[in-house]
Amino acid sequence: MSDFTHGFWPLYISVLTLVSIIGTWVFLKSQTTRKLAPGEKPELIEHTWDGDLQDLNNPLPRWWLGLFYGTLVFALAYLVLWPGLGNYAGVLKWTQIGEYEAEVQAAEAQFQPLYAGFMKQDIATVAADPNARAIGKNLFLTYCSQCHGSDAAGSRGFPNLTDGDWLYGGDPDTIKATLTDGRAGVMPALGEALGAQGTKEVANYVLSLSGRKHDTALAATGKTKFAENCAACHMPDGTGMQAMGAPNLTDKVWLYGGSEATIIESIAKGRNGVMPAMAQTLGTTSNKDAKLHLLAAYVYGLSQKQ
Ligand code: HEC
Ligand code: HEC
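Residues numbered from 1 in each chain as written. Chains lettered and ligands numbered in written order. Predicted model: local features only at pLDDT ≥ 70, side-chain atom pairs only at ≥ 80, totals over all residues. Heavy atoms only, no water.

This paragraph deals with the overall build of the protein chain. Secondary structure summary: the protein chain contains 13 helices and four strands in total. By the compact-globule yardstick of 19 Å for 306 residues, the protein chain is too spread out, its C-alpha radius of gyration being 37 Å. Overall size of the protein chain, expressed as C-alpha extent along the three principal axes, is 125 × 50 × 45 Å. Taking the contacts inside the protein chain whose residues are at least 6 apart along the sequence as the reference set, 59% of them involve residues at least 24 apart. Surface exposure of the protein chain reaches about 19000 Å², of which carbon and sulfur atoms provide 60%. Separation between the mean location of the 23 positive side-chain charges and that of the 28 negative ones in the protein chain comes to 3 Å. (Helix = DSSP H or I, 4+ residues; strand = E, 2+ residues; numbered from the N terminus. Rg over C-alpha atoms; globule rule 2.2 N^0.38 Å. Contact = heavy atoms within 4.5 Å. Areas by Shrake-Rupley, 256 points an atom, 1.4 Å probe, with all protein chains shown as cover. Lys, Arg positive; Asp, Glu negative; His and termini not counted. Charge placed at Lys NZ, Arg CZ, Asp CG, Glu CD.)

Here His 293 is to be found in helix α13 (residues 288-302). A distance of 3.5 Å separates the side chain of His 293 from the backbone oxygen of Phe 118, its partner in a polar contact. Look past the residues within four positions of His 293 in its chain and what remains in contact with it is Phe 118, Met 119, Gln 121, Asp 122, Ile 123, Val 126 and Lys 176. (Polar contact = N/O pair within 3.5 Å; in protein donor to acceptor, adjacent residues only side chain to side chain.)

All right, on to the coordination of the iron atom of ligand 2 then. Protein coordination of the iron atom of ligand 2 is provided by Met 187 (SD) and His 234 (NE2), with donor distances spanning 2.0 Å. Taken together, the six donor atoms coordinating the iron atom of ligand 2 span angles of 88 to 179° at the metal, a pattern that classifies the geometry as octahedral. Linking Met 187 in the loop between β3 (183-184) and α8 (191-209) with His 234 in helix α10 (residues 231-234), this pair joins segments that are 47 residues apart in sequence. Of the residues examined, Met 187 reaches a relative accessible area of 22% and is grouped as partly exposed. The class for His 234 is buried, based on a relative accessible area of 9%. (Donors = N, O, S within 2.8 Å, 3.2 Å for Na, K, Ca; no water. Tetrahedral: all angles 85-135°; square planar, octahedral: opposite > 155°, others 65-115°. Buried < 20%, exposed > 50% of the residue type's maximum accessible area, 1.4 Å probe, protein only.)

Another point: the nonpolar core. In this structure, Phe 140, Ile 175, Leu 179, Leu 294 and Val 299 are the most contacted members of the largest nonpolar core, which totals 27 residues. Residues in contact with Ile 175, not counting those within four places in the same chain, are Trp 166, Gly 169, Gly 170, Ala 296, Val 299 and Tyr 300. (Core = buried A, V, L, I, M, F, W, Y, C linked by side-chain atoms within 4.5 Å.)

Our focus in this paragraph is the coordination of the iron atom of ligand 1. At 2.0 to 2.1 Å from the iron atom of ligand 1 lie its protein donor atoms, namely His 148 (NE2) and Met 275 (SD). Metal-centred angles of 88 to 179° between the six donor atoms at the iron atom of ligand 1 mark the site as octahedral. Placement of His 148 in helix α6 (residues 145-148) and of Met 275 in strand β4 (residues 274-275) is noted, with a sequence separation of 127 residues between them. In this structure His 148 comes out as buried when scored by relative accessible area, which is 9%.

Right, let's get into the pattern of salt bridges. On inspection of all chains with the given rule, the structure shows four salt bridges. Between Lys 200 and Glu 260 there is a salt bridge, with the nearest N and O atoms lying 3.0 Å from each other. Within this pair, whereas Lys 200 is found in helix α8, its partner Glu 260 is found in helix α11 (residues 260-269), the two being separated by 60 residues in sequence. When its relative accessible area of 28% is taken as the criterion, Glu 260 is described as partly exposed. (Salt bridge = Lys/Arg side-chain N within 4 Å of Asp/Glu carboxyl O.)

Another point: the domain arrangement of the protein chain. Each domain of the protein chain was delimited in the assignment, giving domain 1 (1-29 + 44-94), domain 2 (99-185 + 276-302) and domain 3 (191-272). Once you take the C-alpha centre of each, domain 2 and domain 3 turn out to be 33 Å apart. Taken over both partners, the interface formed by domain 2 and domain 3 buries close to 960 Å², and the fraction arising from carbon and sulfur atoms is 48%. Per-residue buried area on domain 2 facing domain 3 is highest for Arg 156, Leu 167 and Gly 185; these three make up 51% of the total on that side. If you look at where domain 2 meets domain 3, you find zero salt bridges. (Domains from an automatic or database assignment. Buried area = accessible area lost by both parts, 1.4 Å probe.)

Each pair of packed helices can be described by the angle between their axes along with the distance between the axes. With their axes 12 Å apart at the nearest point, helix α3 (residues 96-119) and helix α5 (residues 130-143) run at an angle of 110° to one another. Taken as axis vectors, α3 and α5 run roughly perpendicular relative to one another. α3 and α5 meet at a crossing whose hand is left-handed. On α5, the residues touching Leu 114, Tyr 115 and Phe 118 of α3 are Asn 131, Ala 132 and Ile 135. Taken together, the residues that form the contact of α3 with α5 break down as five nonpolar, one polar and no charged. (Axes fitted to C-alpha atoms, helices over the stretch in contact; angles between N-to-C directions. Parallel < 35°, antiparallel > 145°, perpendicular 65-115°, else oblique. Left-handed = near helix turned anticlockwise from the far one by under 90°. Nonpolar A, V, L, I, M, F, W, Y, C, P; charged D, E, K, R; others polar.)

The residue Lys 93 is not glycine, and still its phi comes out positive at about 55°. Within the secondary structure layout, Lys 93 lies in the loop between α2 (62-81) and α3. Overall, Lys 93 belongs to the exposed group, its relative accessible area being 61%. In this structure, Ala 152 is a non-glycine residue whose phi angle is positive, near 65°. As for its position among the elements, Ala 152 is in the loop between α6 and α7 (172-181). Relative accessible area serves as the criterion here: at 0%, Ala 152 is assigned to the buried category.

See the structure below:
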């Protein structure tokens, strides 16, 4: 018990609870101690119902009284053992959180040997194991699906993990590094440096790289601007650089979108996609390393042709 805003309330609750229980006890006792003297007849109380039903003043049956006292003893024992009286934690120190943590620990301990087995195998081997994939999928649904989608196909700004096209690289170790330490894509805002016309030109050059409809005259002037402003990260041929997370601009895969307007927006305002570091998110959970291993294997498996 906690979270009372004022010290008065725990006391108020405790006193009220105890006074009710003890009061009930005293009342019960006071009303049931009168015994019939030998030979004394139970008193007839003066009413009769339904023609012949009479109200007698017999002592209450013992078993019934016993049950009643039993409930009072139960209530007191309960309040000693478990929280119930204001801030008093109870002899057993039971808490909801404690119970939850014990359950989690038991489950983790149960998985421990299984996880240890997977940790000994490399990521490609784990990815081929249907059991590991099933666990990986559950972990993915818990930790990744809110951004990458439950089918891992991503959405605008959140990369598709199933298509074999990678910002940072798709080999097992790179995938594991990506999700363990996170990634921050840095595409600088170049709108001011290029000006509106320059941005439009370079955008048309970008459109031409993947064979999209574009204005050839604009693209021709955009080409030199690309070499000056973009090639350092996206490479002179526009195929991108995984070390920087700079996407390949020559394929048909777009992180933010391949229309002229969206490309202009990417160039003018910049883009800063952030993949959170899962080593942090998984933080203190036990089996953290094994979970990262299984997640990496699951993601690696998604784009492997089975
Ligand atoms: C808060 C949203 C978010 C969550 C949660 C998230 N990601 Fe990401 N992830 C991203 C974004 C955004 C990127 C792209 C980063 C960039 O633009 O540079 C990314 C990139 C990646 C990449 C790199 C893809 C490539 O093409 O190189 C992988 C792999 C990945 N995430 C896997 C995961 C896994 C596995 C999980 C769960 C353990 C996860 N992500 C959870 C947002 C998220
Ligand atoms: C400092 C390195 C760097 C420079 C310079 C740079 N980019 Fe980028 N660019 C990136 C990165 C990294 C991303 C991915 C951003 C993310 O992950 O959120 C990106 C994303 C993009 C995208 C979005 C691609 C998609 O799939 O939606 C376009 C378009 C783009 N850049 C074009 C350009 C152009 C044109 C220039 C030059 C005018 C340029 N970039 C200069 C690093 C750079």
